[in-house]
Amino acid sequence: MSETAAQTAPSAEPGPAADPGPSAEPGPAAGNGRYTDAYLDSLRLKGDELADATVDALFASGEVPRFNTLMRWFTTSGQELPAGLPAAARDYLEATARPPEWVDWAMMEQARQFFIDNDVHISTALSFAAMPACYMIPHGARLLSATHSLDYPARRMAETGQFTVYLMQPDAFEAGGRFLPAAQKVRLLHATIRRHLREGGHWPEPVAICQEDMLGALMMFSIQVLDALHRLGVHITPGGAESYYYAWKVVGTILGCDPDDIPPDLEAAREFSDRYMTRYMGPSREGVHLTRQLIEMYEEVVPGTLLDPIVPALIRYLVGDTAADWLQVPRSSFDTLIKAAPALLGVIERFEDRGPWAAQMSDRLGRLVTHLELSSLTRGRVMHYAIPEELKPAHGIPTPADRWTPPPPIDHL
C-alpha cells in the first residue's frame with residue numbers, strides 16, 4: 001500500500017455497501033478497471049456457503065462443544081477423524097481434506113524456497129506492514145474488536161505466524177502436515193463469526209467476513225508483504241514474487257475464497273489491492289487501539305527498553321506517514337535511523353553472495369529468529385482454532401540480476 005494511495009483514501013468510515021442492483025454482472029470485467037464498484041459490492045453479499053452451512057448445522061444440533069473437544073486431537077493431514085464427530089463436521093472435513101486439483105506443485109516449492117530465503121523479512125513485513133494495513137480498514141478493525149482480538153494481539157499474531165510456518169513446511173499438504181487441518185478450522189472459525197454477528201444483529205451489512213474482505217486480507221498478506229520487502233530493500237526476483245503470490249492464491253481457495261474471484265496474477269492483485277484500500281481505508285478508534293496493542297506487545301518481546309522506539313518507527317516507515325498518523329503511531333528519533341534498513345539488508349545480501357555456505361548460514365539464522373519470535377508469542381503452546389460458542393464483550397543462493405519492482409499505484413479517482 002503506497003503513501004499516494006493512503007492520501008487519496010476517504011477519511012470517514014464507510015457505511016454499508018450499496019446494493020449492486022440487478023444490472024451488476026458476475027465476475028470482474030476484462031481489462032483495466034476490472035474491479036468496479038458494482039462487482040466489489042456484489043462480493044460483499046457472499047460468504048462461504050460450505051463452511052456457513054456446516055456451522056449452522058453444528059449450532060442447530062447443539063454439537064459445538066463436542067466438536068471443539070474432538071478437534072483438539074485432529075491436528076495432522078491423513079489422521080483418522082475422531083469417532084463421534086458430528087455428521088455435518090465429518091462431511092465438511094472430508095470435502096476439504098485435499099488441496100485444489102489445479103495446484104502447480106513446482107510453483108509451491110518455489111514459494112517455499114522464497115520463504116526460507118526471506119523468512120525473517122517476511123515475518124517483519126507481516127507484523128509491521130500487513131497487520132497495520134488490516135487496522136487501516138475501519139470495519140475490519142471493528143470486526144477484530146467484536147471477535148475478541150482487540151485485547152489479545154499476541155494470540156492474533158501467534159495464530160498468523162503459526163499458520164504461515166505450517167504452510168511453508170515441506171510436508172504442508174502431505175500426510176502428517178499440519179497446514180490443512182489448521183486451515184479447515186480457520187475456515188469454520190470465520191463462518192462462526194459470520195453467524196454470531198448475523199444472529200446478534202451486531203453487523204451493519206448482510207455478511208461479515210464477506211468475499212471482498214477475505215480477498216482484501218489475502219492482498220495484505222501477499223501483495224502488501226511484497227511491497228514491504230521491496231521498501232526494506234530485500235532483493236526479490238520476479239519469479240519469487242510470482243510464486244509467493246501463487247501460494248497465497250492456493251491458501252485463499254483453501255480458506256473459502258471463491259477461486260473465480262481471486263485475482264489471477266500479480267498485475268490483477270495489484271489492481272484489486274489498490275482498489276480495496278482506496279475504497280475503505282481511513283482512521284478509526286479501534287484501529288488506533290489495535291495498533292497501540294501491537295506496538296506494546298512487540299516492545300515486550302524486544303529485550304530492555306532502549307530499542308523500543310524501533311517498533312513504531314518500523315511501522316511508520318513501512319505504511320507511510322499518512323496511514324501511521326491515522327493509527328496514531330508515535331514519532332521518534334528512530335524514524336530517521338530506520339531508513340538505513342535497506343542499506344543494512346544490502347550488507348547481509350552481499351554476505352550471502354559469498355557462497356552457498358554463507359546463504360545456508362543466513363537461512364538457518366533466519367529460521368532460528370523466526371521460531372524464537374513465534375515461541376515468545378505462543379509461549380511454547382500450539383494455537384487451537386476453536387469455534388466460539390458466543391462473542392463475549394470482555395475478549396478480546398546467489399542474487400540474480402533481474403529484480404521484482406512493484407508497479408506504481410493505480411489511480412481510481
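Residues numbered from 1 in each chain as written. Predicted model: local features only at pLDDT ≥ 70, side-chain atom pairs only at ≥ 80, totals over all residues. Heavy atoms only, no water.

Secondary structure summary: the protein contains 19 helices and 0 strands in total. For the protein, with 413 residues in total, the buried portion stands at 55%. Element-wise, carbon and sulfur atoms account for 56% of the exposed surface of the protein, whose accessible area totals about 18500 Å². (Helix = DSSP H or I, 4+ residues; strand = E, 2+ residues; numbered from the N terminus. Buried < 20%, exposed > 50% of the residue type's maximum accessible area, 1.4 Å probe, protein only. Areas by Shrake-Rupley, 256 points an atom, 1.4 Å probe, with all protein chains shown as cover.)

Next up on the list: the packing of helix α3 (residues 49-60) against helix α5 (residues 87-95). Following both chains from N to C, one finds α3 and α5 inclined at 160 degrees, their axes separated by 8 Å at the closest point. In terms of orientation, α3 and α5 fall into the roughly antiparallel class. Here α3 runs over α5; the crossing is left-handed. Between α3, through Leu50, Ala51, Thr54, Ala57 and Leu58, and α5, the contact on the second element is made entirely by Ala88, Ala89 and Tyr92. Grouping the constituent residues of the contact of α3 with α5 by class yields 7 nonpolar, 1 polar and no charged. (Axes fitted to C-alpha atoms, helices over the stretch in contact; angles between N-to-C directions. Parallel < 35°, antiparallel > 145°, perpendicular 65-115°, else oblique. Left-handed = near helix turned anticlockwise from the far one by under 90°. Contact = heavy atoms within 4.5 Å. Nonpolar A, V, L, I, M, F, W, Y, C, P; charged D, E, K, R; others polar.)

With that settled, the discussion passes to the nonpolar core. In terms of nonpolar packing, the biggest core is built from 94 residues, with Phe173, Phe179 and Leu229 touching the most fellow members. Here this core gets 14 residues from one element, more than from any other, and that element is helix α6 (residues 105-135). Residues contacting Leu229, with those up to four places away along its chain left out, are Phe114, His121, Ile122, Ala125, Val234 and Ile236. If you look at the next biggest cluster of nonpolar residues, it comprises 16 residues, including Ala51, Leu58, Leu70 and Leu85. (Core = buried A, V, L, I, M, F, W, Y, C linked by side-chain atoms within 4.5 Å.)

What follows deals with unusual backbone geometry. In this structure, Ile209 takes a positive phi of about 50 degrees despite not being glycine. Mapped onto the secondary structure, Ile209 falls in the loop between α9 (179-199) and α10 (211-220). Positive phi, normally seen in glycine, also occurs at Gln328, with a value near 55 degrees. Within the fold, Gln328 resides in the loop between α16 (321-326) and α17 (334-337).

Further remarks concern the side chain of Arg275. Among the secondary structure elements, Arg275 is positioned in helix α13 (residues 266-280). In this structure Arg275 comes out as buried when scored by relative accessible area, which is 12%.

To continue, consider the environment of Ile254. Mapped onto the secondary structure, Ile254 falls in helix α12 (residues 238-254). Judged by its relative accessible area of 11%, Ile254 is buried. Between the C-alpha atom of Ile254 and that of Arg187, which follows or precedes it by 67 residues, the distance is 8.3 Å.

Turning our eyes to something else, we now look at the pattern of salt bridges. Counted under the stated rule, the structure contains 25 salt bridges. One salt bridge connects Asp48 with Arg187, and the closest N-O pair in it is separated by 2.5 Å. Taken together, the residues Asp48 in the loop between α2 (37-43) and α3 and Arg187 in helix α9 connect sequence positions 139 residues apart. Summarising the burial analysis for this pair, Asp48 and Arg187 share the class buried. Note that Arg285 and Glu286 form a salt bridge whose closest N and O atoms lie 3.3 Å from each other. Linked through salt bridges whose partners overlap, the residues forming this network are Asp37, Asp41, Arg44, Glu205, Glu212, Asp213, Arg275 and Arg279. (Salt bridge = Lys/Arg side-chain N within 4 Å of Asp/Glu carboxyl O.)

In this model, the protein carries a mean pLDDT of 79, and residues with pLDDT of at least 70 account for 70%. The secondary structure element of the protein with the lowest average pLDDT is helix α19 (residues 356-378), at 43, and the one with the highest is α10, at 97. Scored below 50 in pLDDT, residues 357-384 shows 47 contacts in the model against residues more than four places distant or in partner chains. In the model, residues 392-401 has pLDDT below 50 throughout and makes 17 contacts with residues more than four positions away in sequence or in other chains. (pLDDT = per-residue confidence, 0-100.)

Attention shifts here to the packing of aromatic side chains. For the coordinates displayed, the defined rule picks out 11 aromatic pairs. Their ring planes at 50 degrees and their centres at 5.5 Å tell us that Phe114 and Tyr244 sit as a pair that is tilted. Within this pair, whereas Phe114 is found in helix α6, its partner Tyr244 is found in helix α12, the two being separated by 130 residues in sequence. On the basis of relative accessibility, which here comes to 1%, the residue Tyr244 falls in the buried class. Between the aromatic rings of Tyr244 and Trp248, the centroid separation amounts to 6.5 Å while the plane-to-plane angle is 65 degrees, which identifies the pairing as edge-to-face. Here Trp248 and Tyr244 lie together in helix α12, a separation of 4 residues that amounts to about one turn. Following the ring pairs from residue to residue traces out a cluster consisting of Tyr35, Tyr39, Phe272, Tyr276 and Tyr280. Over the ring of Tyr317 we find Arg231; its NZ or CZ atom is 4.3 Å from the centre of that ring. (Phe/Tyr/Trp six-rings, centres within 6.5 Å; stacked < 30°, edge-to-face > 60°. Lys NZ or Arg CZ within 6 Å of the ring centre and 35° of its normal.)

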